[in-house]
Amino acid sequence: MRTRELDELPAVVVAARDGDRAAFGELYRRFSRAVHGIVLARVAYGDVADLVQEVFTIALQRLPQLTEIAAFPGWLLAIARNRAIDHVRGAKPSDALPAELATTASRAAEVSQVIAALRALPEAYQETLILRLVEGMTGPEIAEQTGLSPGSVRVNLHRGMKLLRASLGITPTEEDSR
Amino acid sequence: MTRPDDEADRADYLWDRSGPPDPEIARLETLLSPLRHDAPQDELKLRRRRSRTPFVIAMVVAASLALVMWWRWPRTDAPAVACNGDTGFAFTARTGTVGCAGAAVASGVLAVGATLDTGGHEAELAIANIGRAELGANTRVRLDRTSAEHHQLFLEVGHLHARVSAPPRIFAVATPSAHVTDLGCEYSVDIDPSGAGEIHVITGKVELETAGGTVVVAPAGTHARLLAGRHASLPLADRAGPEITAALRALEADAPDGVAWVLAAAREVDAITVANLAAVAPAASKRAVLDRLAELVPPPQPVTVDQALADRAVFELWFDEVVRRIR
C-alpha cells in the first residue's frame, strides 16, 4: 500500500492542484485521519471536525502555490498544526467528551484524563501517539503521512508510550524500553 | 541500550499491531476510539454529493486493497540514515569530529531521522537555506522533517543558537519540555539532561507551546523557562526584577494566589509577562489581568479593556504595543 500510494501521490497532488476535485477528495481520504489527529493534539474535541474541514479548505486555496509536490504531506500537516495553534492561542482547550460519545461519566473522565496526559507529552511523542492510539494508524502509516522516518516514528511511539504509562500510573512493560 | 531500529523484525504491537496485543495499549485504543476520525464516512464538504452505491463499492475495493497491501507490508523497513547524502541539513564541526548517526565525522549532511551528537566539540548546522544554528558541546539534535514549507529539529539536550530569516512558522525546535516555533528571529535554547531548559530571544519573537496546547509569545529581550512536563512558562523581560521572577515561580507551582502575586509584582518592564498571563489565566481572572496590564501599558487608542476581553484580534493590537515597549 505504501509504495503504490506514495508512487501515485505526486500525480494525485498535481491533479488536485490543477483543479480536479475528485483528486482533492482522494487527498482528503488519505490524509484526513492524520490532520484530525494533529488538530486533536491541540484542540478541544468539539472543535476538531470543523477545523479539519477548514484545513482542507485552506489547502485547496493554497495548493496552486505548492511548488515541491513531494512535500505535500508535511505541507498539509503544517497547515493543520498552524491552524490548530491559531485556534487555541489564548484559550486552554477543554478535554470534555461530547455526551453522545461518553457512555458513562467515569468513562468520559477517563478519556479526558488520557487526552490531557497525551497533550502534556512533548509534541513529537504527543502527535505520534494520538495518530496511533486515537486514529488507529500503524507506525508505517504514520511515517508515510507525516514525512517522518519510520525510525523516528518508532522511537517516538515507544518513548512516548513510556512517558504516557508513567503519567497514567501504568506499570511499564519490556516493550517500552525498546 | 537497544535501539528500536535494530529490532524491526521483532513482533511489536505498538508499531504495527504485529504479535500479541499489549493489553494496556489495546484498552487505550478502545477507550479513545470514539474520538477517531472516520474519513470515508465523513467526506469533505467541498465535494459534491454523489450516489451512495459507487461510494460503497469504492470503499469495499479500497478496504480490500488496503488489506492485501498491509499483508504484503515489509516488516523490516529500518531507515538507511546517512550523513553524507544530498538531503538534510549540512553540518561542520568547529574542531575535531562529531557523531552523526553513530559515526564520527568532521562534516556531513544530517538526514531526516538522524541525530547529531556534538560530544566534546561545537558544530555549525545549516537550517536548510533559511538560517544557521550553532550547537554547543554535548548537544544532541535530531532532524525530524525538512521541506520547502516546514523544517523541524528535535533538541534532546544541549545548546542551540539559531538565526533564521524566513516567514513565521517555517522553522521549529521541538524539545522534551516545550515546542518552540520560530516567528522570524534569533534565539538560543538550552536543554538540560532532565529535558527542562530555557530560551533567550535576541531578535524577533517565538511562540512557545505549553501544557494543554496553550501558546505564549516570547519577543526579543525576553527569556522563558522550558519546564519538564510542559507546565506553563511565561516569558520574563531580561530586565525583570527578583519580585516578578519569584511570583512567576509561585504561579508555575500552582500557588492558589499565583495570578494575584504576579499582578502585584509586575512593573512596566514586566508588561510582556502580564500580557501573556492573559492567555493562560483562568477566565475569572482575565479581567483583573487586563486591568493591571492597562495600568502598565495602556491599550492603544481606541482599544478598550472590554473590547480586548471580547475580541482576541483586538487584544493582539494591544499585545503588539506591549512588545514595542520592550524594545
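A brief look at the structure comes next. From a predicted model like this one, the values you see are computed outputs, not experimental measurements. All residue numbers refer to positions counted from 1 along the written sequence of the respective chain. All chains are assigned letters beginning at A, and all ligands numbers beginning at 1, according to the order in which they are written. Two thresholds apply to this predicted model, a pLDDT of at least 70 for residue-level local features and 80 or more for giving and counting side-chain atom pairs, whereas whole-chain, interface and lining totals are computed over all residues. Values shown for side chains rest on all heavy atoms present in the structure; no hydrogens or waters enter the calculation.

1. Looking at the overall build of chain B
Runs of E in the DSSP output that reach at least two residues are strands. Runs of H or I that reach at least four are helices, and both are numbered from the N terminus. Scanning chain B from N- to C-terminus turns up 9 helices and 17 strands. Within chain B, the proportion of its 327 residues that are buried is 50%. Expressed as a percentage of contacts within chain B between residues at least 6 apart in sequence, the contacts between residues at least 24 apart total 40%. When the accessible area of chain B is evaluated, it comes to approximately 14,800 Å², of which 55% is carbon and sulfur surface. Whether a residue is buried, partly exposed or exposed follows from its accessible area with a 1.4 Å probe, protein chains only, as a fraction of its type maximum: under 20%, in between, or over 50%, in that order. The contact criterion used is simple: two residues touch if any of their non-hydrogen atoms lie within 4.5 Å. Where accessible areas are quoted, they stem from the Shrake-Rupley method and a 1.4 Å probe; at the residue level, only the protein chains shown are allowed to cover.

2. Things to note about the overall build of chain A
The helix and strand tally for chain A stands at 8 helices and 0 strands. Sequence-ordered secondary structure for chain A, helices as α and strands as β, is α-α-α-α-α-α-α-α. Sequence separation of 24 or more characterises 65% of the internal contacts of chain A that already satisfy a separation of 6 or more. As displayed, chain A offers around 6,400 Å² of accessible surface, 51% of which is attributable to carbon and sulfur atoms.

3. Quick look at the packing of aromatic side chains
Any aromatic ring pair is given by two values, namely how distant the centres are and how the planes are angled relative to each other. Residue and element names in this part refer to chain A. For this analysis, a ring pair means two rings from Phe, Tyr or Trp (six-membered ring only for Trp) whose centres lie within 6.5 Å, classed as stacked if their planes differ by under 30 degrees, edge-to-face if by over 60, and tilted for the remaining angles. Evaluation of the coordinates by the stated rule reveals 7 aromatic pairs over all chains. Ring geometry for Phe 31 versus Phe 72: centroids 5.4 Å apart, planes at 75°, classification edge-to-face. Of this pair, Phe 31 sits in helix α2 (residues 21-40) while Phe 72 is found in helix α4 (residues 72-88), placing the two residues 41 residues apart along the sequence. A centroid spacing of 5.8 Å and a plane angle of 40° characterise the contact between Phe 72 and Trp 75, whose relative ring orientation is tilted.

4. Side note on the environment of Leu 129 of chain A
All names here are of chain A. In this fold, Leu 129 is placed in helix α6 (residues 123-133). Along the primary structure Leu 129 and Gly 37 are separated by 92 residues, whereas in three dimensions their C-alpha atoms are 9.2 Å apart. With residues up to four places along the chain from it excluded, the contact list for Leu 129 reads Leu 118, Leu 121, Val 134, Leu 157, Gly 160, Met 161 and Leu 164.

5. Regarding helix α3 (residues 45-62) of chain A
Residues and elements named next belong to chain A. Relative to the 26 Å expected for 18 residues at 1.5 Å per residue, α3 spans 26 Å between its end C-alpha atoms, a close match to the ideal helical length. Within α3, burial applies to Val 48, Leu 51, Val 52, Gln 53, Val 55, Phe 56, Ile 58 and Ala 59. Elements in contact with the buried residues of α3: α2 and α4. The span one expects for a helix is its residue count, reduced by one, times 1.5 Å.

6. Some words on the pairing of strand β13 (residues 197-203) of chain B
Residues and elements named next belong to chain B. Note that strand β12 (residues 186-191) and β13 share 6 bridges and pair antiparallel. Bridge pairing links Glu 186 to Thr 203 in β13. In short, DSSP must find at least two bridges between two strands for them to pair. The turn linking β12 back onto β13 is made up of 5 residues, and Gly 195 within it adopts a positive phi angle of 100°. By the bridge criterion, 5 bridges tie β13 to strand β16 (residues 222-226) in an arrangement that is antiparallel. If you follow Val 201 over to β16, its bridge partner there is Thr 222.

7. Remarks on the packing of helix α7 (residues 139-146) of chain A against helix α8 (residues 150-168) of chain A
All names here are of chain A. Axis definition: a line fit to C-alpha positions, over the contact stretch in the case of helices; interaxial angles, taken between N-to-C directions, run 0 to 180 degrees. Viewed as axis vectors pointing N to C, α7 and α8 meet at an angle of 120°, and their least axial separation amounts to 9 Å. Relative to α8, α7 is oriented oblique. Crossing hand, α7 versus α8: right-handed. Counted together, Gly 139, Ile 142 and Ala 143 of α7 and Pro 150, Val 153 and Leu 157 of α8 form the full contact between these two elements. An angle below 35 degrees is treated as roughly parallel, one above 145 as roughly antiparallel, one from 65 to 115 as roughly perpendicular, and anything else as oblique. By definition, any crossing whose near helix is turned counterclockwise from its far helix by less than a right angle is left-handed, and any crossing with a clockwise turn is right-handed.

8. Some points on the packing of helix α5 (residues 258-265) of chain B against helix α6 (residues 271-280) of chain B
Residues and elements named next belong to chain B. Axis separation between α5 and α6 bottoms out at 10 Å; the angle between their running directions is 155°. Of the possible angle classes, the one that applies to α5 and α6 is roughly antiparallel. The chirality of how α5 crosses α6 is left-handed. Every residue of α6 that contacts α5 at Val 259, Val 262 and Leu 263 is listed here: Thr 273, Val 274 and Leu 277. In this classification, the charged set is Asp, Glu, Lys and Arg, the nonpolar set is Ala, Val, Leu, Ile, Met, Phe, Trp, Tyr, Cys and Pro, and all remaining amino acids, among them Gly, are polar. Residue composition of the contact of α5 with α6, grouped by class: 5 nonpolar, 1 polar and no charged.

9. A closer look at the nonpolar core
Buried together is how nonpolar side chains tend to be arranged in soluble globular proteins. Ranked by size, the top nonpolar core spans 74 residues in total, and within it Tyr 187 and Ile 199 of chain B carry the most contacts. Among the elements that take part in this core, helix α9 (residues 312-326) of chain B stands out by supplying 7 residues, more than any other. Buried residues of nine kinds, namely Ala, Val, Leu, Ile, Met, Phe, Trp, Tyr and Cys, make up a nonpolar core once their side-chain atoms join them within 4.5 Å. In this structure, Ala 143 and Leu 164 of chain A together with Ile 25 and Leu 35 of chain B belong to the second largest nonpolar core, which totals 67 residues.

10. Points about unusual backbone geometry
All names here are of chain B. Of note, the amide linkage connecting Gln 301 to Pro 302 takes the cis form, showing an omega dihedral of 0°. Its location among the elements puts Pro 302 in the loop between α7 (286-296) and α8 (305-310). One non-glycine residue, Ala 101, lies in positive phi territory at about 50°. Position of Ala 101 relative to the elements: it lies in the loop between β2 (98-100) and β3 (103-105). On the accessibility criterion, Ala 101 (42% relative accessible area) is partly exposed. Despite not being glycine, Arg 169 shows a phi value in the positive range, around 70°. Position of Arg 169 relative to the elements: it lies in the loop between β9 (151-164) and β10 (171-174).

11. Observations regarding the pattern of salt bridges
All names here are of chain B. For this analysis, a salt bridge means a side-chain nitrogen from Lys or Arg found within 4 Å of a carboxyl oxygen belonging to Asp or Glu. One pass over the structure, following the stated rule, counts 32 salt bridges over all chains. Note that Glu 186 and Arg 163 form a salt bridge whose closest N and O atoms lie 3.3 Å from each other. You can see Glu 186 sitting in strand β12 and its partner Arg 163 sitting in strand β9, a full 23 residues away along the chain. Taking the relative accessible area as the measure of exposure, Glu 186 reaches 16% and is therefore buried. Where Arg 325 meets Glu 321, a salt bridge forms, and the shortest distance between an N and an O atom there is 3.4 Å. With a gap of 4 residues between them, Arg 325 and Glu 321 both fall in helix α9, about one helical turn apart. The partly exposed category is assigned to Arg 325, whose relative accessible area is 38%.

These results come straight from atomic positions and should not be treated as a statement about function.
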